[in-house]
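Now for the letters of each chain:
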Amino acid sequence: MNAQLICTRQFFILLVIVIASSTLRVEAAQNASPGYSPVVLPRGDYRDQIQSMPVHKRPYRPLHFYGNTVRRMHYRGTDHTYLDAWRRYRQNQR
């Protein structure tokens, strides 16, 4: 067979594997994580309901950078060691 054809097939197979694995990982993360809420400032019963939830179980909301980051790190399984290192660094600067 032609060497160029073999390289094209290998590239195509590798591309399919990468896309399939990334899609499966995203689907697994999306199934576990909470949905989005378009409400930036909740009021009344909805506010009480949100405040009674742990931060990582609350819905993602626009402009809520801290909470959204905590949820993203929780559901994606991000390692927190770099945050601990940053806290130690900041404490040493004081």
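Since this is a predicted model, take the numbers as computed values, not measurements. Here the residue numbers are simple positions, counted from 1 along each chain's written sequence. Restriction of local features to residues with pLDDT of at least 70 applies here, the model being predicted, together with a cutoff of 80 or more for giving and counting side-chain atom pairs; totals for whole chains, interfaces and linings are based on all residues. Heavy atoms throughout the structure, all of them, feed into the side-chain values; hydrogens and water do not.

To continue, consider the overall build of the chain. In DSSP terms, a helix is any run of H or I states spanning at least four residues, a strand is any run of E spanning at least two, and both are numbered starting from the N terminus. On a plain count of helices and strands, the chain comes out with 4 helices and 0 strands. Helices and strands appear in the chain in the N-to-C order α-α-α-α. The buried label goes to any residue with under 20% of its type's maximum accessible area, the exposed label to any with over 50%, and the partly exposed label to all in between, with areas taken from a 1.4 Å probe on protein chains only. Within the chain, buried positions represent 13% of all 94 residues. Taking as baseline every contact in the chain between residues at least 6 positions apart, the subset at least 24 positions apart corresponds to 30%. If you sum the accessible surface of the chain, you get close to 8,000 Å²; carbon and sulfur atoms cover 59% of it. When checking whether two residues touch, look at their non-hydrogen atoms; a contact exists if any pair is within 4.5 Å. Accessibility throughout is a Shrake-Rupley quantity obtained with a 1.4 Å probe, and a residue counts as covered only by protein chains that appear here.

Our focus in this paragraph is the side chain of Arg71. The residue Arg71 is located in helix α3 (residues 65-76) in this model. One buried charge, Arg71, has no salt-bridge partner; the nearest side chain with opposite charge is Asp48, at 16 Å. Polar contact is the term for a pair of N or O atoms within 3.5 Å; when the atoms are in protein, one must be able to donate a hydrogen and the other to accept it, and sequence-neighboring residues count only if both atoms are side-chain atoms. Looking at Arg71, its side chain comes within polar contact range of the side chain of Asn68, at 2.8 Å. Setting aside chain neighbours within four positions, we find Arg71 in contact with Pro34, Val55, His56, Arg58, Pro59, Tyr60 and Arg61. Residues scored as positive are Lys and Arg, those scored as negative are Asp and Glu, and His as well as the terminal groups of each chain are ignored. When a carboxyl oxygen of Asp or Glu lies within 4 Å of a side-chain nitrogen of Lys or Arg, that pair is called a salt bridge.

The subject of this paragraph is the packing of aromatic side chains. Between the rings of Phe, Tyr and Trp (Trp by its six-membered ring), a pair exists once the centres lie within 6.5 Å; its type follows the angle of the planes, with under 30 degrees stacked, over 60 edge-to-face, and the other angles tilted. Taken as a whole, this structure holds 1 aromatic pair when the rule is applied. A positively charged side chain is recorded as over a ring if its NZ (Lys) or CZ (Arg) lies within 6 Å of the ring centre. The angle to the ring normal must also be within 35 degrees. Above the ring of Tyr60, the side-chain terminus of Arg71 is found at 5.4 Å from the ring centroid.

We now examine α3. Across its 12 residues, α3 extends 16 Å between first and last C-alpha, which sits within 8% of the 16 Å expected from 1.5 Å per residue. Taken residue by residue, α3 has Gly67, Asn68, Arg71 and Met73 as its buried positions. Taken from the residues just after α3, Gly77 is the one with a positive phi, measuring 70°. Given a helix with a known number of residues, its expected span is that number minus one, times 1.5 Å.

Moving on, we come to the environment of Met73. In this structure, Met73 sits in helix α3. Between the C-alpha atom of Met73 and that of His56, which follows or precedes it by 17 residues, the distance is 9.0 Å.

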